[in-house]
2 protein chains.
Amino acid sequence: MKTRLLLVDDHAVVRSGLRMLLENEGDVEIIGEAGTAAEALASAADLKPDVILMDIGLPDKSGIEATREIKAQFPAVAIVALTIHEDEEYFFKMLEAGASGYVPKRAAPEELLTAIRAAAHGEVYLYPSMAKLLVRDFLVSEPTDKNLSSRKDLTDREHEVLTHLAEGENNEEIAKALVISPKTVARHRENIMHKLNLHSRAELVRYAIRKGIIKA
Amino acid sequence: MKTRLLLVDDHAVVRSGLRMLLENEGDVEIIGEAGTAAEALASAADLKPDVILMDIGLPDKSGIEATREIKAQFPAVAIVALTIHEDEEYFFKMLEAGASGYVPKRAAPEELLTAIRAAAHGEVYLYPSMAKLLVRDFLVSEPTDKNLSSRKDLTDREHEVLTHLAEGENNEEIAKALVISPKTVARHRENIMHKLNLHSRAELVRYAIRKGIIKA
DNA sequence: ATCAGCATGGGGTATTCACCCCATATAAAT
DNA sequence: ATTTATATGGGGTGAATACCCCATGCTGAT
């Protein structure tokens, strides 16, 4: 029994390349292609594929959204993300959306095939660089470990200020605690935010908790 | 530069087989073998391997314990579990112990090599059936779905608003998301703060993370 | 029928925040 | 010796926040 596959990518050339690559394998049959999320949803309904190979960058809506919608309507279909994105955010969101695999486009063809086969068997293939992120998440969300490192470019003073910021103190309170001017606290806060690419105290709190700088 | 590998398994035959299998590859060099956890620890200290292939069932103590001890002393070495066990408990414990990969003994030789190479590059290879378990853990520990427990006096709507607040969104963004006026968002926020006796968005974020309403 | 709770919003105000400008002093790095 | 990074602070601006006032519907329980 061949795995019935639906290709979703907005570039026809990419789809053709994948078709060439995958149809050489005996156990994969490409039953359809889609260039947009809407087409993907329609094709999923029509063709009932076993596995969908899903790009994230689609013209109408993201492959993440498309995955979420397809999985909501057809939970049985396994969806493998094939994308240029290798950052944690897309990866985790794709998992939450229900993906059964995540493969960067730079991966070797065999890895894509492994992912498709794993998905067809109800299992999950994660590219090693992605698996690493998930394990890291697993470890930090485990109450066992102590988060010693992972503190970026922050100076000692900035780190100290961040601790107070994350506790919910305002500039004046922090200034009093550190015996400096509120203006200096504000300055440190600006530098911290710039370094970490955060833009509000709420985000600072989350960051600090995630990094184990303070306890929730 | 070849990957310097240490084999740990209590069966000499298995070690020999692995040696045959792996030394055929150009990029792997087996620099030692160990049949017990104690030998493994000693060899790790002596040989400073890049990667250790670790069985879990060892005569003196478990490969999980051995992994934990080796990682404590030599954090740089990457340890790949190669075992007959495919249940969640061993798998998760091995991850907590610091493993960079998990491969069942029934896996194909190429998968073992993939795992070794990933580990040598600081990444993580998880066999698909194991990756599935980790993703499932990720999803259940995700507070994205309705966290109906542990929520005190908050109404459904307030709880919904709190979720967005804790994500760091401002009133306008939340209003857009919930299709209500920013003024209503502000009203809900006031009620939430009053009910919980909190007085800033930063405190709301902490509260939400502590209660598991959002993930840090 | 009334009342409490909930969700919805409009107004206002003082404070804080986020983000710019600027400067000075010290210490480490080149 | 000059640059670079760090820590310190002052000024200013527009936006957002935290906290009040008020009101209108709608539900469900008494």
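Calculation notes
Residues numbered from 1 in each chain as written. Chains lettered and ligands numbered in written order. Predicted model: local features only at pLDDT ≥ 70, side-chain atom pairs only at ≥ 80, totals over all residues. Heavy atoms only, no water. Helix = DSSP H or I, 4+ residues; strand = E, 2+ residues; numbered from the N terminus. Rg over C-alpha atoms; globule rule 2.2 N^0.38 Å. Buried < 20%, exposed > 50% of the residue type's maximum accessible area, 1.4 Å probe, protein only. Contact = heavy atoms within 4.5 Å. Areas by Shrake-Rupley, 256 points an atom, 1.4 Å probe, with all protein chains shown as cover. Lys, Arg positive; Asp, Glu negative; His and termini not counted. Charge placed at Lys NZ, Arg CZ, Asp CG, Glu CD. Near = heavy atom within 4 Å. Polar contact = N/O pair within 3.5 Å; in protein donor to acceptor, adjacent residues only side chain to side chain. Nonpolar A, V, L, I, M, F, W, Y, C, P; charged D, E, K, R; others polar. Core = buried A, V, L, I, M, F, W, Y, C linked by side-chain atoms within 4.5 Å. Buried area = accessible area lost by both parts, 1.4 Å probe. Salt bridge = Lys/Arg side-chain N within 4 Å of Asp/Glu carboxyl O. Domains from an automatic or database assignment.

This paragraph deals with the overall build of chain A. Each helix and strand counted, chain A has 10 helices and six strands in total. Here the C-alpha radius of gyration of chain A, 22 Å, is well above what a compact globule of 216 residues would show, namely 17 Å. Projecting the C-alpha coordinates of chain A onto the three principal axes gives extents of approximately 70 × 35 × 30 Å. Residue burial in chain A is summarised as follows: out of 216 residues, 48% are buried. Pairs at least 24 apart in sequence give 61% of the contacts found in chain A among residues at least 6 apart. Surface exposure of chain A reaches about 10,400 Å², of which carbon and sulfur atoms provide 52%. Of the side chains in chain A, 28 bear a positive and 35 a negative charge, and the two mean positions are spaced by 6 Å.

Right, let's get into the protein's contact with DNA strand D. Around DNA strand D sit 17 residues in total, of which A:Thr155, A:Arg157, A:Thr184, A:His188 and B:Arg201 are the nearest. Looking at DNA strand D alone, sugar and phosphate atoms form 65% of those within 4 Å of the protein. Within the backbone of A:Ser181, an N or O atom sits 2.8 Å from a phosphate oxygen of DNA strand D. With respect to DNA strand D, the side chain of A:Lys183 contributes an N or O atom lying 2.8 Å from a base oxygen. Listed by contribution, the elements that provide at least two residues to the surface near DNA strand D are helix 9 (182-196) of chain A together with helix 9 (182-196) of chain B. Looking at the surface near DNA strand D residue by residue, the classes come out as two nonpolar, eight polar and seven charged.

What follows covers the nonpolar core. Counting 106 residues, the largest nonpolar core has A:Leu22, A:Leu126, B:Leu22 and B:Leu126 as the members making the most contacts within it. Apart from the residues lying within four places of it in its own chain, the contact partners of B:Leu126 are A:Ala131, A:Val135, B:Phe91, B:Leu95, B:Tyr102, B:Ala131 and B:Leu134.

A few words on the side chain of B:His188. Residue and element names in this part refer to chain B. Position of His188 among the secondary structure elements: in helix 9. The exposure class of His188 is buried, given its relative accessible area of 15%. If we skip the residues at most four places from it in the chain, His188 touches Arg157, Glu158, Val161 and Ile180.

Once that is clear, we can look at the interface of chain A and chain B. Contact with chain A, which involves 33 residues of that partner, is made by 34 residues of chain B. Carbon and sulfur atoms supply 64% of the area buried between chain A and chain B, which totals about 3,100 Å² over both sides. For the chain A face of the interface with chain B, the top three residues by lost area are A:Phe138, A:Arg206 and A:Ala216, together amounting to 21%. Remark: the boundary between chain A and chain B carries two salt bridges. Close ionic contact of B:Glu167 with A:Arg206 constitutes a salt bridge, the shortest N to O distance being 2.8 Å. At the junction of chain A and chain B, the tally comes to six residue pairs in polar contact (both at pLDDT 80 or more). Those elements that provide at least two residues to the side of chain A that touches chain B are helix 4 (88-97), helix 5 (109-120), strand 6 (125-126), helix 6 (128-141) and helix 10 (201-210) of chain A. For the side of chain A that touches chain B, the element with the highest residue contribution is helix 6 of chain A, accounting for nine residues. Tallied by class, residues from the side of chain A that touches chain B come to 18 nonpolar, six polar and nine charged.

Looking now at the side chain of B:Glu111. If you trace the backbone, B:Glu111 turns up in helix 5 (residues 109-120). Here B:Glu111 is buried and forms no salt bridge, its nearest opposite-charge partner B:Arg106 lying at an N-O distance of 7.2 Å.

All right, on to the domain arrangement of chain A then. As far as domains go, chain A holds domain 1 (3-139) and domain 2 (156-210). Each of domain 1 of chain A and domain 2 of chain A has a C-alpha centre, and the two are 41 Å apart.

Okay, the environment of A:Met54 next. All names here are of chain A. Tracing the backbone through its elements, the reader meets Met54 in strand 3 (residues 51-54). The exposure class assigned to Met54 is buried, which follows from its relative accessible area of 0%. For the pair Met54 and Arg136, spaced 82 residues apart in sequence, the C-alpha separation works out to 25 Å. For Met54, the contacting residues outside a window of four places in its chain are Val8, Gly63, Ala66, Thr67, Ile70, Ile79, Val80, Ala81, Leu82 and Met94.

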